[in-house]
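Examination of the molecular architecture
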Amino acid sequence: MEDQEILAKFADPAARNVAFNQLVRKYQSKIYWHVRKMVIDHNDADDLTQDTFVKVWNHLENFRRDASLYTWIYRIATNECLNFLSSKRRKFFMPLHDVGTELLQKVEADPGLAGDEIELRLQKAILRLPDKQRLVFNMKYYDDITYEQMAEITGTSVGALKASYHHAVKKIEQYVNEESHLN
Amino acid sequence: MNTPFRLDEHKRRPQPLAPPPADYFERLPRQLMARVQPAAGRSEAAFGWLAALSMPLRTALASVVVLGGFATSFLLSQSAVTSVTPAATVASLEAVPRTEMMQYLLASDSRVTLTDLAELSTADHSLTDSFLQASPDELQDALDAQPTDDTYL
């Protein structure tokens, strides 16, 4: 179903629940994986995905159609992730590397990466990036989001996003090669 | 020697982490509906009729409520002002015996003093003759007894 159709249905109080259900079914997988790659843990990703869609429900009526629905939902999910990670650091007075260590431990324990050494190194390398650069990398590398859409989601210029992605790739390749050398 | 790792040569796994529980994406829409539904139910019960109105009607209704509030407060303040007319004030004061009124006024220096009464009586005897029984000599003595600094000489 097209976004415009969902929005028109949502505006009708009698069809609102059906429209929201369709919206969730359309975007839940993309949003879940976007969040999951940022927070690694399934339970955290579940909480943040739900919070994202509850915010969508609360604010969809005021959604201005100058952005696409897809990028708008992505933006909410992105902010949820960044707030979650920064509040986690504040809450436990953790220095940056400690939250990073926690995420690394979760990646190492993830059954999806068991037996795939190169993929595990790649995931560990991605986790070493700063949160915002990791977001940019994930959106470009995994989700095939265009730089223009990323600019809408993050509020950053296309040029800055391209530079950020380029640097992220260099850092990742360097880390994976160093790790391969050590082992 | 190992070939250096290059990201563009690496086979991309779209979802590299372990998948969520099997029925997760079936349950998620139901869980979300359960989370948003109570709030929606409450607001519909209280303001369902309001939500059914179109946006211009809602705006008009809000304007009417605000203007009605202003009009009501204006009318209430006006009736409070008009309820005490000057005629009613005079009538209620006339009902008080003049001697009692004089005792009340003299009870505190901040209201009226004997000197004030003496000056008033000297200026126009008819104003005070109904309640101030004093001879012209007594009035003159009262005026003479007035402290010098109060007369601004």
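Criteria and thresholds
Residues numbered from 1 in each chain as written. Chains lettered and ligands numbered in written order. Predicted model: local features only at pLDDT ≥ 70, side-chain atom pairs only at ≥ 80, totals over all residues. Heavy atoms only, no water. Helix = DSSP H or I, 4+ residues; strand = E, 2+ residues; numbered from the N terminus. Buried < 20%, exposed > 50% of the residue type's maximum accessible area, 1.4 Å probe, protein only. Contact = heavy atoms within 4.5 Å. Areas by Shrake-Rupley, 256 points an atom, 1.4 Å probe, with all protein chains shown as cover. Buried area = accessible area lost by both parts, 1.4 Å probe. Salt bridge = Lys/Arg side-chain N within 4 Å of Asp/Glu carboxyl O. Patch = residues over 30% accessible without salt bridge, like charges linked within 9 Å, V, L, I, M, F, W, Y side chains within 5 Å. Axes fitted to C-alpha atoms, helices over the stretch in contact; angles between N-to-C directions. Left-handed = near helix turned anticlockwise from the far one by under 90°. Nonpolar A, V, L, I, M, F, W, Y, C, P; charged D, E, K, R; others polar.

**Examining the overall build of chain A**
Secondary structure summary: chain A contains nine helices and zero strands in total. Mapped in sequence order, the helices and strands of chain A form the string α-α-α-α-α-α-α-α-α. Looking at chain A residue by residue over its 183 residues, the buried ones come to 52%. Sequence-distant contacts, at least 24 apart, represent 59% of the contacts inside chain A between residues at least 6 apart. Of the roughly 8,900 Å² of accessible surface on chain A, 51% is carried by carbon and sulfur atoms.

**A look at the environment of A:Ala11**
By secondary structure assignment, the location of A:Ala11 is in helix α1 (residues 3-11). The sequence separation of A:Ala11 and A:Leu60 amounts to 49 residues, and the corresponding C-alpha distance is 9.0 Å.

**Quick word on the interface of chain B and chain A**
Tallying the contact residues gives 28 residues for chain B and 38 residues for chain A. Between chain B and chain A the total buried area reaches about 3,300 Å² when both faces are included, carbon and sulfur atoms providing 62% of it. On the chain B side of the interface with chain A, the three residues burying the most area are B:Phe5, B:Leu7 and B:Leu17, jointly 22% of the side's total. Inspection of the chain B/chain A interface yields four salt bridges.

**Focus: the pattern of salt bridges**
Residues and elements named next belong to chain A. A complete count under the given rule lists 18 salt bridges over all chains for this structure. Glu102 is the salt-bridge partner of Lys106, the closest N and O atoms lying 3.3 Å from each other. On the criterion of helical spacing, the pair formed by Lys106 and Glu102 is a turn pair, its members being four residues apart in helix α5 (residues 96-109). Each of the salt bridges in this network shares a partner with another, and the network as a whole consists of Asp44, Lys88, Glu102 and Lys106.

**Some details on the environment of A:Glu117**
Tracing the sequence through the fold places A:Glu117 in helix α6 (residues 117-127). As for A:Glu117 and A:Ser180, which are separated by 63 residues in sequence, their C-alpha atoms are 9.6 Å apart.

**What to know about a nonpolar patch on the surface**
A contiguous nonpolar surface patch, about 340 Å² in accessible area, is contributed by B:Val66, B:Leu67 and B:Phe70. When you line up the elements, B:Leu67 lands in helix α2 (residues 55-82).

**Examining the packing of helix α7 (residues 131-141) of chain A against helix α8 (residues 147-154) of chain A**
All names here are of chain A. Viewed as axis vectors pointing N to C, α7 and α8 meet at an angle of 145°, and their least axial separation amounts to 11 Å. At the point where α7 passes α8, the crossing takes the right-handed sense. For the pair α7 and α8, contact is made by Val136, Met139 and Lys140 and by Tyr147, Met150, Ile153 and Thr154, respectively. Classifying every residue of the contact of α7 with α8 by side-chain character gives five nonpolar, one polar and one charged.

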